[in-house]
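# Remarks on the overall topology
Single-letter residue listing:
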Amino acid sequence: LLRPVEKIAAVIELYPRGLAGFRRYCDLLDTVPEIADRPGARPAPAFRGEVEFENLRFGYDEARPVLDGITARIGAGKTAAFIGQSGAGKSTLLSLVPRFYEAAGGAIRIDGHDIRDLTLDSLRAQIGIVQQDVFLFGGTLGDNIAYGRIGATRDEIVAVAEQASLGPLIAALPDGLDTIVGERGVTLSGGQKQRVAIARAFLKNPPILILDEATSALDTETERAIQTALDALSKDRTTLVIAHRLDTIRDADMVFRLEGGGLERLNGAPVEPARVWA
Ligand code: ATP
């Protein structure tokens, strides 16, 4: 029932925990990891972050294509906003970048490398994901942030928590970063959980970022805190964002609209609110 971006996010967040954690989570989802390294796959070099879709085709079942010839190039460090009606395929398109699903035709290239020629872990290690619904493990808030990168020091966790606008929350919690969160601890709100995901992404510091902007209503202060953190996070990295806010669309370097399996570049022209459905 989980949508692709949520799934890849969970997988990617779990990746540093090793295959054991990954498999356990797949068992939970009753999903078998279908994508594997190709024979001869090589580790990706450090990405600059140019992302290219070439005549990309994909469908969850063959009879019904979701993406039917997607072509676009997003320069390294640029922000591309993807808009389109519900079900148009925005999450699907972005879930193909970390190879959560395999394209039926065409290619995705990063800095000119076909992603199928790269090892999965070296690809996914360089892609950060911040999605709407964040999976928190039972454990401390600090542990949950540390999933962004195994081996992070306490100082690093404190620093990224601050960058993710989690400072006031940590100050208010009984044991700060050591407060147990999740089912057996303090329940975090959707906006707070999203900031945990942002902190994880800061810690991971990937050259490519995938954002699924929140659709649920957040109070103004929370929204501002999240937006400030996201703006800082997307700076100097390629950002592919499923955009729901007009400001995000206005500020993006490129805006693409998905419709009928195709992708239309809106050429950086001002987007009228009437054309934004999401
Ligand atoms: P929204 O804005 O509602 O999130 P979207 O533009 O992101 O929509 P997708 O979630 O990519 O659209 O869905 C595209 C199409 O693929 C829809 O028809 C959807 O029902 C279908 N779909 C999405 N995920 C799966 C899945 N795991 N299995 C089968 N079909 C799926």
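Everything here concerns the structure above.
Overview of the structure. (Residues numbered from 1 in each chain as written. Predicted model: local features only at pLDDT ≥ 70, side-chain atom pairs only at ≥ 80, totals over all residues.)

### Some points on the packing of helix α6 (residues 154–163) against helix α8 (residues 190–204)
Their axes nearest at 8 Å, the elements α6 and α8 cross at an angle of 125 degrees. Considered as vectors, α6 and α8 are oriented oblique to each other. The handedness of the crossing between α6 and α8 comes out as right-handed. Residues Glu156, Val160, Ala161 and Gln163 of α6 pack against Ala199, Phe202 and Leu203 of α8. Its residues placed into classes, the contact of α6 with α8 shows five nonpolar, one polar and one charged. (Axes fitted to C-alpha atoms, helices over the stretch in contact; angles between N-to-C directions. Helix = DSSP H or I, 4+ residues; strand = E, 2+ residues; numbered from the N terminus. Parallel < 35°, antiparallel > 145°, perpendicular 65-115°, else oblique. Left-handed = near helix turned anticlockwise from the far one by under 90°. Contact = placed C-beta atoms within 7 Å. Nonpolar A, V, L, I, M, F, W, Y, C, P; charged D, E, K, R; others polar.)

### Side note on the nonpolar core
Residues Ala81, Phe82, Ile145, Ile198, Ala199 and Leu240 are the most contacted members of the largest nonpolar core, which totals 67 residues. In terms of residue count, α8 provides more of this core than any other element does, seven residues in total. When neighbours within four sequence positions are excluded, Ile198 is seen to be in contact with Val130, Ala164, Ala229, Leu230 and Leu233. (Core = buried A, V, L, I, M, F, W, Y, C linked by C-beta atoms within 7 Å. Buried ≥ 20, exposed ≤ 12 C-beta atoms within 10 Å, placed from the backbone.)

### Some points on the packing of α8 against helix α9 (residues 220–234)
When two helices pack together, their arrangement is given by the angle between the helix axes and the distance between those axes. Running from amino to carboxyl end, α8 crosses α9 at an angle of 15 degrees, the nearest separation of the two axes being 10 Å. It follows from the interaxial angle that α8 and α9 lie roughly parallel. Considering the relative orientation of α8 and α9, their crossing is left-handed. For the pair formed by α8 and α9, the contact residues are Gly191, Gln194, Arg195, Ile198, Ala201 and Phe202 on the first element and Thr222, Ile226, Ala229, Leu230 and Leu233 on the second. Residues that form the contact of α8 with α9 fall into these classes: seven nonpolar, three polar and one charged.

### What to know about the sheet that holds strand β1 (residues 51–58)
The sheet built from four strands is open, its strands ordered β2-β1-β4-β5 with antiparallel pairing. Only two strands of the sheet have a single neighbouring strand rather than two, namely β2 (67–74) and β5 (113–114). Across five bridges, the pairing between β1 and strand β4 (residues 105–110) is antiparallel. Within the sheet, the bridge partner assigned to Glu52 lies in β4 and is Arg109. (Pairing = 2+ DSSP bridges.)

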